[in-house]
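# Summary of the model geometry
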Amino acid sequence: EKLFSGFSKTRDNLAVIDELLLYWNLADTDRVLDELEEALLVSDFGPKITIKIVESLREDIVAGKLKSGSEIKEALKKSVLDLLTTKGSKTELQLGYRKPAVVMIVGVNGGGKTTSLGKLAYRLKKEGAKVLMAAGDTFRAAACDQLEIWAGRTGCEIVVAEKEKAKAASVISQAVKRGKEQGYDIVLCDTSGRLHTNYSLMEELIACKKAVSKVIPGAPNEILQVLDGTTGLNMLPQAREFNEIVGITGLILTKLDGSARGGCVVSVVNELGIPVKFVGVGEGVEDLQPFDAEAFVNAIFS
Ligand code: GDP
């Protein structure tokens, strides 16, 4: 329901083609596809994906495979669904068998990292896991306080920096060591997110990743990038850059309950081949849901 209401704008943009499809006939094809192209662009699908979708529909119409407006609509939904499904990568968390599993949460400030970490902790704890949090955003003092609130809210333990200006990698390393010694199932690591163009942040993230694998070879099991679902196509360069430097294994799309921009999600998943693992649909403990591509498609098309 929250996803559905968050995508109302995208749905409205795309609904303009419904009437055209209702009265579609073959002679109308170019006009309908031009309108569809426009609607997809306005909905942040980006030029590359838009052309891919429109041209594949045109081919199927010309080949006589799609014979009615409703068949075109179904083919459109199916093509978006296919674009959202990454081959060979799983949408469920891959935590491996070694304990503790380590999950790093990365992304630019304000996207919803700390909140998502808190909601994920709640979810994992509810499933019976013993969860430890690491306050690795040592750059922003408020982030640590915020994570401590989430620790209290979810009943999870937390490792915070012992001194001011501590290195993020050292806090994370300490947390993973404690996780190992004290039999935790999962260590969730928050990280800093000052401007993604700031090179030292990327160096810091690499150092954090190395600190984890030094304690547990093969970890982190997941590096999840949080992307603000209301930022539109800006998501794409952000995801590309983080992925190149630290290697992203999954995405968390937040604020899909707000005025989310659906199309760019399709672009990010398709271009980078990284699966969306969770979506954030609010600020409460229960507001993190596993990604469901079908529900997503049904929320953007009426
Ligand atoms: P960080 O800087 O990346 O750690 O971002 P925060 O976790 O501090 O989140 C920034 C703001 O976005 C906060 O006010 C959060 O409550 C809010 N927020 C995070 N996720 C969601 C979401 O899924 N829905 C809504 N509506 N707000 C969210």
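These numbers were taken from a predicted model, which means no experiment stands behind them. (Residues numbered from 1 in each chain as written. Predicted model: local features only at pLDDT ≥ 70, side-chain atom pairs only at ≥ 80, totals over all residues. Heavy atoms only, no water.)

The next thing to look at is the UniProt feature "domain: SRP54-type proteins GTP-binding" (unreviewed entry) in the protein chain. When the UniProt feature table is mapped onto this chain numbering, "domain: SRP54-type proteins GTP-binding" (unreviewed entry) sits at residues 275-288. Strand forms 43% of residues 275-288 and helix 0%; the C-alpha atoms that close the span are 16 Å apart. (UniProt positions renumbered as here; feature names shortened; annotations may be inferred. Helix = DSSP H or I, 4+ residues; strand = E, 2+ residues; numbered from the N terminus.)

Turning our eyes to something else, we now look at the packing of aromatic side chains. Taken as a whole and assessed by the stated rule, the structure comprises two aromatic pairs. Taken together, a centroid distance of 5.0 Å and an interplanar angle of 75 degrees make the contact between Phe7 and Phe296 edge-to-face. Here Phe296 lies in helix H12 (residues 293-300) and Phe7 lies in the loop between helix H1 (2-6) and helix H2 (8-22), a separation of 289 residues in the sequence. Each member of the pair, Phe7 as well as Phe296, carries the same accessibility label: buried. Judged by centre distance (5.7 Å) and plane angle (65 degrees), the ring pair of Phe291 and Phe296 falls under edge-to-face. The same class applies to Phe291 as to Phe296, namely buried. (Phe/Tyr/Trp six-rings, centres within 6.5 Å; stacked < 30°, edge-to-face > 60°. Buried < 20%, exposed > 50% of the residue type's maximum accessible area, 1.4 Å probe, protein only.)

This part covers the sheet that holds strand E3 (residues 157-159). Strand order in the open sheet made by the eight strands is E3-E2-E4-E1-E5-E6-E7-E8, with mixed pairing throughout. The sheet is open, and its two borders are formed by E3 and strand E8 (288-290), each paired with just one other strand. Pairs of neighbouring strands in the sheet enclose a mean axial angle of 25 degrees, with direction left out of account. As paired elements, strand E5 (residues 222-228) and strand E6 (residues 250-254) share five bridges and run parallel to each other. Residue pairing across strands places Gln225 opposite Leu251, the latter belonging to E6. Sheet strands in contact with helix H8 (residues 168-181) are strand E1 (101-106), strand E2 (131-134), E3 and strand E4 (186-190), and its direction is about 140 degrees off that of E3. (Pairing = 2+ DSSP bridges. Axes fitted to C-alpha atoms, helices over the stretch in contact; angles between N-to-C directions. Contact = heavy atoms within 4.5 Å.)

It helps to recall that an α-helix has 3.6 residues per turn; residues three or four apart then point in one direction. Across its 12 residues, helix H10 (residues 235-246) extends 16 Å between first and last C-alpha, which sits within 8% of the 16 Å expected from 1.5 Å per residue. Looking only at H10, the buried set comprises Met235, Leu236, Gln238, Ala239, Phe242 and Val246. Axial view of H10: buried residues confined to an arc of 160 degrees, hence all on one face. Downstream of H10 by one or two residues, Gly247 has phi in the positive range, about 75 degrees. (Expected span 1.5 Å × (residues − 1). Arc of directions from axis to C-beta.)

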